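Structural overview
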Amino acid sequence: MNRGLIGRKRGRSRLRGLVLLLGIIALAIILWPSYDQQPPVHTNGDSALSGVTNELENAGGSSSPSEAELPGFTIVIDAGHGGKDPGANGASGEEEKDFTLSLAQKVYALLEEDPLYNPYMTRKDDTFIELENRTLYSNELNTDAFLSIHGNTYEDSGVAGMETYYDAASSFPLANIIHRKLVEVTGFPDRGVKQEGWKVLDGNESPSILMELGFLTNPQEEAQMLDEAWQDRVAQAIVDGLKEYFSNADGADVSGELP
């Protein structure tokens, strides 16, 4: 057997192996940067709703909690309207969006003092937030209660009174308790607790209510609604209603029945 020929064959084999190895290394170097730049795959905990939370945070809403579940009750306070949506124009020319924000901030401050409650706001300044995003924000936080604050309007300035709305039947006990507290503290005419599929309530997974706290188009009611002392009393009534609601083990108001 020709040993020289065998040696040359072995040398060529080693050379081909070395070339193949270098080719694989070069290919890996070329492909690695493009692989490294690929967007991450979204997991269940990285849903599109995170974008809603970021939007509200950027627009002045409260920040979201960490992944660890917070102790106590999580409450979302929704100041109606905002930004390009002024809401009702009051008898004095004041806009509903300013009234709702002022009162929402007072409710937030009271709840923040109590370690049993984790309050959040859909907006903390004069910002426009889409109605569906307010609901999505509430659902993302796994809220225990959602409170939407409003002032009413009507073409007849003599119309007066307070009314509270709910959508799902499971929200009635919360609406009934808080409405009763509000009527007691304001003395405004009681227009009742009513079921209505308002967009901000529809699809909300937590007990959720919308409070029409009086008619801004009624000069007498508007004067009280814009008063700081009145707002302080009403904010306290809302918080007292919440605490009464959550003090019941099953969240039911034994004093009220569905209309």
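In what follows, the structure referred to is the one given above.
Summary of the structure given here. Numbering of residues starts from 1 in each chain and follows the order in which that chain's sequence is written. This being a predicted model, a pLDDT of at least 70 is required before a residue's local features are given, and a value of 80 or more before pairs of side-chain atoms are given or counted; all residues contribute to the totals for chains, interfaces and linings. No hydrogens and no water enter the side-chain calculation; it runs on all heavy atoms of the structure.

**Details of the overall build of the chain**
Here a strand is any run of E in DSSP of at least two residues, a helix any run of H or I of at least four, and the numbering for each starts at the N terminus. Helix and strand content of the chain: seven helices and six strands. When its helices and strands are written in sequence order, the chain yields α-α-β-α-β-α-β-β-α-β-β-α-α. Buried residues are those whose accessible area, probed at 1.4 Å on protein chains only, stays under 20% of the maximum for their type, while exposed residues exceed 50% and partly exposed ones sit between those limits. Across the 259 residues of the chain, 43% fall into the buried class. Contacts: residue pairs with any heavy atoms within 4.5 Å of one another. Restricting to contacts in the chain with at least 6 residues of sequence separation, those with at least 24 account for 82%. In the structure as shown, the chain presents an accessible area of about 14000 Å², 53% of it carried by carbon and sulfur atoms. In these tables, accessible area is a Shrake-Rupley quantity obtained with a 1.4 Å probe, and a residue counts as shielded only by the protein chains included in the view.

**A short note on helix α5 (residues 172-186)**
Taking 1.5 Å as the rise per residue, α5 with 15 residues should run 21 Å; its terminal C-alpha atoms sit 21 Å apart, in good agreement. Within α5, eleven of the 15 residues are buried, which leaves it mostly tucked inside the rest of the structure. Buried residues along α5 sit in contact with β3 (145-152), β4 (162-166), β5 (190-195), β6 (208-215) and α7 (228-247). One or two steps after α5, the chain reaches Gly 187, where phi turns positive at roughly 75 degrees. To estimate the expected span of a helix, count its residues, drop one, and scale the result by 1.5 Å.

**Considerations on the packing of aromatic side chains**
Geometrically, a pair of aromatic rings is defined through the distance of the ring centres and the angle of the planes. For Phe, Tyr and Trp, where Trp contributes only its six-membered ring, two rings pair if their centres lie within 6.5 Å, and the inter-plane angle classes them as stacked under 30 degrees, edge-to-face over 60, or tilted in between. For the coordinates displayed, the defined rule picks out eight aromatic pairs. Measuring from ring centre to ring centre gives 5.5 Å for Tyr 165 and Trp 198, while their planes differ by 80 degrees; the resulting arrangement is edge-to-face. Separated by 33 residues along the polypeptide, Tyr 165 in strand β4 and Trp 198 in the loop between β5 and β6 bring together distant segments of the chain. Assessed through its relative accessible area of 36%, Trp 198 is described here as partly exposed. Three or more aromatic residues joined by ring pairs make a cluster, and in this case those are Phe 73, Tyr 117, Tyr 245 and Phe 246.

**Description of the pairing of β6**
Taken across its eight residues, β6 has eight buried, putting it largely inside the fold. One requirement defines pairing of two strands: DSSP has to find at least two bridges between them. Of the strand pairs in this sheet, β3 and β6 are connected by six bridges, and their pairing is parallel. Within the sheet, the bridge partner assigned to Asn 152 lies in β6 and is Phe 215. Here β4 runs beside β6; their pairing, made up of four bridges, is antiparallel. Along β6, the bridge assignment pairs Tyr 165 with Leu 210.

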